[in-house]
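Reading the structure
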Amino acid sequence: MTSSRRLHPRVRAYACLGILGVAGAVAVGRPELAAVTAPALLLVAAGLARDTGCGVGVEVTLDRLRVVEGDEVTVRVRLSVDRAVERVDVALALPAGLEPVARPASASVAIPAGVPRTLEFGVRASRWGGYGVGAVTARATGAHGVTVTHARADGLTPLRVFPRDARLRSAIPPARTRAAVGSRVSRRSGDGIEHADLRPLQPGDHLRSVHARVSARRGAPWVNDRHPERNADVVLFLDTFAEAGRDLAGTLDLAVRAVAALATVHVAARDRVGVVSFGGLVRWLPPRAGPVQRARILDALLDTAILLHFATRRLDRVAAAALPSTALVVALTPLLDERSVEVLSELRGRGLDLAVVEVSPVPFAPPAPGELGELAHRLWRLERTALRRRFSSRGVPVVAWHDGQPLEPVLAEVIASRRAARTAR
Amino acid sequence: MAAGLAGAPLLDGPLPVVLGLAGVAALGSLAAALAGWWADGVGVALVLLVAEYGGSLVARGPGLDPSAPLVAAGLLLAAELAYWSADVRAARAGGAEDRAVTGRRARRVAVVTLSAAAGASFLLAAAALPRNGGEALRVAGVTAAAAAATVVLALLRRVR
C-alpha cells in the first residue's frame, strides 16, 4: 500500500487571503479588511497547529475467487485510521470486464479513530477472464480539514471468471475411437449393445451371441456382431494468431466460449479432451477424461489472449501427446492469419480427423465508408469463400459461425457435412 | 452567496468599473472551480471578492463599515460550500455519502461561519476603540500582522 499526505486546497487559499487581507488593511488603513480576512488566517493557523495528518489502512478481500460470468462478487474494503478524520472517500477501480452493481463504486464515510470500518461493493463479472481486483484509493481529510491523506491499495486479489457454458445437446462424433470404454458407438465390431451384422460362428464367440433363428435357417451356427461402446480423443484447437473484435466482444471471445461448451459436452460423453492454443504463444493440455480435466481446460482458457508475433509457428512445437493420431481435432479459428491456415493444412496432412468451425470475423469488420470500401470488403469476403473451398476440397468441412448465432445449429452443420464427406468417400 | 458578496458593494452607490469587473471575475473563477475546470478558482475568487470589498471601502471614504462581520461570515460560508462541492467531486462524485459525514461537515461549516462573524465583530469593535498610541500603536499593529503571517507560514512548512 502506498500513501501520501498533502494540504487541503483551502489551506493555501485561506492563508493567501489572510496574509493579503491583513497586509492590505495595513496599507490602506482600513481595519475592516483585516476583520474580514483574519478569521480565515486564524482558521488555518489553528488547523495547522492541531492537524498533523493521519495514517490510513486499506485491506481488500473478495467473498469468492472463482465465479461464472454474470455472477456477483462482494468486494470488502476494510478501512482503518489512527486518528480522527472528517471523512474518508473510497473509490474502487475495476478492470474492463467487471462492473459495479451500483454505480459508482465509491463512498464517503466517517470513521472513528482506531475502529476499523468495512465497506461492501457489489461487482458483477460481465466477461470471462482472469482479473486482479483491489485497486482501491482512499482519501482521508483530517479532523480540522487541513491535511488530506491519499492511500492506495495496490495488492490485487486474483478473480477467475469462467465463461457461462452454452448448452449443447450433441457433440461432433469422432471418426475413430479408442480402446477404452465410453459412450460412443465404435465402428469396429466387438462386445456392445448396438447391432452391427450377422456372421458365422468363430472360435471364441460367446454362445449367447448365437442368433437362433438365422442359425436354424442356415443350418449352421450364426452369431450377432455388435459395435462396442468406446470413447475418443478430442482436441480443441484454438487459433490465437489474430482476432477481429469490438470492445470486449470478438472472435476470440466467441471461440473461447465454444471451446468451453465443447469441452463440457465431450467430457460428459466420457471422451478424453485436450486443448491446443496455437498462436503467438503456443500452449496445450494433453487429452484427459473427467470433470477435473474440464475444470483444467476452463482454467487454462481464462489466460487466453492474442499475442502478436510474426514468427512462423509449426506443429512440432506441440508435444506429440497433445495431438494423438486418432484424435478428432475441432479447430476454432477466424481464418485471419495465413499461418493458422498452414497449420490446419498440416493437421490434415498428418491424417488427423479435422473439423473447422470458422468464427466469422465479418460482423466485427464492417466495410469502410465509400464505394472503394464496399468493394474491398466484397473482395475480402470472396477470398474467405475461396479459402473455405480450399479446405473443403481437402476433405475438411468448414462451417462459419457468426456472432449472435447459437452454436448448436453450427455443430449440426459440421456433423452433417462430415457425414456427407464420409458418404462421398 | 458569492453573488451576494459581489453585488453588495454596488448597493451603496456607483463604484469604479474595475471593482465591478473584479466581482464578475470572482464569480467566473468560482463557477470554473465548481465545474471542475480550475482547481485554484475558489482561492482566486476569494481574493477578488476581498479586493472588490476593499476597493469599495476606499471609494466610500472614512468611517467603519458595520457590515464587515457579515462579509467575513459570507466569505467563509461561500468558500466552505465551494470546497465541500470540490471534495465530493474529488471523491469520484456520486458515491454514497454517510449521513455522519454530511452532518459533521454541515456542523463544521456552521461553526466556521459563526466564528468568522464573531471574530470579525471582535476585531471591528477593537478597531472602533479610541486610539491614543499614535505611530507606536501603528507599528505594533504592523508587527502583529507580520508575526501572524510568519506563524502561518512556519506552520505550513512544518506540516508539508
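You'll find the structure just up there.
Source: prediction; values computed, not measured. (Residues numbered from 1 in each chain as written. Chains lettered and ligands numbered in written order. Predicted model: local features only at pLDDT ≥ 70, side-chain atom pairs only at ≥ 80, totals over all residues. Heavy atoms only, no water.)

**Some points on the overall build of chain A**
Across its full length, chain A holds 8 helices and 24 strands. Counting over 425 residues, chain A shows a buried share of 48%. Sequence separation of 24 or more characterises 74% of the internal contacts of chain A that already satisfy a separation of 6 or more. Element-wise, carbon and sulfur atoms account for 54% of the exposed surface of chain A, whose accessible area totals about 19700 Å². (Helix = DSSP H or I, 4+ residues; strand = E, 2+ residues; numbered from the N terminus. Buried < 20%, exposed > 50% of the residue type's maximum accessible area, 1.4 Å probe, protein only. Contact = heavy atoms within 4.5 Å. Areas by Shrake-Rupley, 256 points an atom, 1.4 Å probe, with all protein chains shown as cover.)

**What to know about empty space enclosed by the protein**
Residues and elements named next belong to chain B. For the structure on display, the rule yields 1 cavity of 30 Å³ or more. Its boundaries defined by the atoms lining it, the largest cavity holds a volume of some 30 Å³. Every residue lining the largest cavity is listed: A2, L30, V42, A45, L46, L49, A78 and A79. Counting residues per element, the ones that place at least two in the lining of the largest cavity are α3 (41-60) and α4 (68-90). Sort the elements by how many residues they give to the lining of the largest cavity and α3 lands first, with 4 residues. Tallied by class, residues from the lining of the largest cavity come to 8 nonpolar, no polar and no charged. (1 Å grid on protein atoms, 1.4 Å probe; cavity = no way out; pocket = protein on both sides within 12 Å on 5 of 7 lines; lining within 4 Å. Points joined across faces, edges and corners; volume = space filled by probe spheres on them. Nonpolar A, V, L, I, M, F, W, Y, C, P; charged D, E, K, R; others polar.)

**Topic: the sheet that holds strand β24 (residues 398-401) of chain A**
All names here are of chain A. Spatial ordering of the open sheet is given by β21-β20-β17-β22-β23-β24, a layout of 6 strands whose pairing is mixed. With one partner strand each, in any of the chains shown, β21 (283-288) and β24 form the two edges of the open sheet. Geometrically, the sheet is characterised by an average inter-axis angle of 20° between neighbouring strands, direction not taken into account. Relative to β24, strand β23 (residues 353-359) is paired through 4 bridges, and the arrangement is parallel. By the bridge assignment, V356 is partnered in β24 with V398. In this fold helix α5 (residues 291-301) packs onto β17 (233-240), β20 (272-279) and β21, with an angle of close to 170° to the strand it touches most, β21. (Pairing = 2+ DSSP bridges. Axes fitted to C-alpha atoms, helices over the stretch in contact; angles between N-to-C directions.)

**Points about the layout of surface pockets**
It is a probe the size of a water molecule, rolled over the atoms, that shows where empty space is left. Computed from the structure, the second largest pocket encloses a volume of approximately 300 Å³. At the level of secondary structure, the elements contributing two or more residues to the lining of the second largest pocket comprise α1 (9-28), α2 (31-50) and β5 (85-93) of chain A together with α5 (99-128) of chain B. Partitioning the lining of the second largest pocket into residue classes produces 10 nonpolar, 3 polar and 5 charged.

**Description of helix α6 (residues 338-349) of chain A**
All names here are of chain A. Given a rise of 1.5 Å per residue, 12 residues ought to cover 16 Å, and the 16 Å separating the end C-alpha atoms of α6 matches this to within 8%. Three or more residues of α6 are buried, namely R339, S340, V341, V343, L344, S345 and L347. In this structure, the buried residues of α6 make contact with β17, β20, β22 (328-333), β23 and α7 (371-393). For α6, the N-terminal capping position is held by D337, with its side-chain oxygen 2.8 Å away from the main-chain nitrogen of R339. (Expected span 1.5 Å × (residues − 1). Polar contact = N/O pair within 3.5 Å; in protein donor to acceptor, adjacent residues only side chain to side chain.)

**Structural notes on the nonpolar core**
Y14(A), V36(A), L49(B), Y53(B) and L75(B) are the most contacted members of the largest nonpolar core, which totals 45 residues. Counting only elements with at least two residues in this core, the list comes to α1 and α2 of chain A together with α1 (2-11), α2 (17-34), α3, α4, α5 and α6 (135-159) of chain B. Take this core: its biggest share by element is 9 residues, from α2(A). Y53(B) has contacts with E32(A), L33(A), V36(A), D65(B), A68(B) and V71(B), leaving out every residue within four places of it along the chain. (Core = buried A, V, L, I, M, F, W, Y, C linked by side-chain atoms within 4.5 Å.)

**Considerations on the interface of chain B and chain A**
You'll often see interface size given as the accessible area lost when the parts meet. With 57 residues of chain B at the contact, the number on the chain A side is 54 residues. Between chain B and chain A lies a buried interface of about 4400 Å² when both sides are counted; carbon and sulfur atoms form 67% of it. Across the chain B-chain A interface, the total number found is 3 salt bridges. A salt bridge links R10(A) to E80(B); the shortest N-O distance between them is 3.1 Å. Taken together, the links from chain B to chain A amount to 8 residue pairs in polar contact (both at pLDDT 80 or more). Where the side of chain B that touches chain A is concerned, the elements lending two or more residues are α3, α4, β1 (96-97), α5 and α6 of chain B. By residue number, the principal contributor to the side of chain B that touches chain A is α4(B), which donates 12 residues. When the residues that make up the side of chain B that touches chain A are grouped by side-chain class, the tally is 38 nonpolar, 6 polar and 13 charged. (Buried area = accessible area lost by both parts, 1.4 Å probe. Salt bridge = Lys/Arg side-chain N within 4 Å of Asp/Glu carboxyl O.)

**Brief notes about the sheet that holds strand β12 (residues 157-162) of chain A**
Within a sheet, neighbouring strands are paired by backbone hydrogen bonds and run either parallel or antiparallel to one another. Residue and element names in this part refer to chain A. Strand order in this open sheet of 3 strands is β3-β12-β9, and the pairing throughout is mixed. Pairing within the sheet leaves two strands with one partner each, and these edge strands are β3 (66-68) and β9 (129-133). Within the sheet, the average angular offset between the axes of one strand and its neighbour, ignoring direction, is 30°. The sheet contact formed by β3 and β12 spans 3 bridges and is parallel. Within the sheet, the bridge partner assigned to V68 lies in β12 and is F162.

**Topic: the packing of α2(A) against α5(B)**
Running from amino to carboxyl end, α2(A) crosses α5(B) at an angle of 140°, the nearest separation of the two axes being 8 Å. What the angle tells us is that α2(A) and α5(B) run oblique. Every pair of crossing elements has a handedness; the one defined by α2(A) and α5(B) is right-handed. Touching P31(A), E32(A), A34(A), A35(A), A38(A), P39(A) and L43(A) of α2(A) are V112(B), A116(B), A120(B), L123(B), L124(B) and A127(B), all from α5(B). Taken together, the residues of the contact of α2(A) with α5(B) sort by class into 12 nonpolar, no polar and 1 charged. (Parallel < 35°, antiparallel > 145°, perpendicular 65-115°, else oblique. Left-handed = near helix turned anticlockwise from the far one by under 90°.)

**Things to note about the pairing of β5(A)**
A regular strand carries its side chains on alternate faces of the sheet. All names here are of chain A. For β5, the buried fraction is high: 8 of the 9 residues fall into the buried class. Sheet analysis places β5 next to strand β10 (residues 135-142), joined by 8 bridges and oriented antiparallel. In the strand pairing of β10, L92 is matched with V136.

**Digging into the environment of V282(A)**
Residues and elements named next belong to chain A. The topology assignment puts V282 in the loop between β20 and β21. Judged by relative accessible area, which is 16%, V282 ranks as buried. Along the sequence, V282 and D239 sit 43 residues apart, while their C-alpha atoms lie 9.6 Å from each other.

**Notes on the packing of helix α4 (residues 251-268) of chain A against α5(A)**
Residues and elements named next belong to chain A. Closest axis-to-axis distance for the α4/α5 pair is 9 Å, and the angle between their directions is 175°. Regarding the angle of α4 to α5, the classification is roughly antiparallel. Note on element contacts: α5 touches α4 through P291, R294, I297, L298 and L301, opposite V256, V259, A260, A263, T264 and V267. For the contact of α4 with α5, the class distribution of residues is 9 nonpolar, 1 polar and 1 charged.

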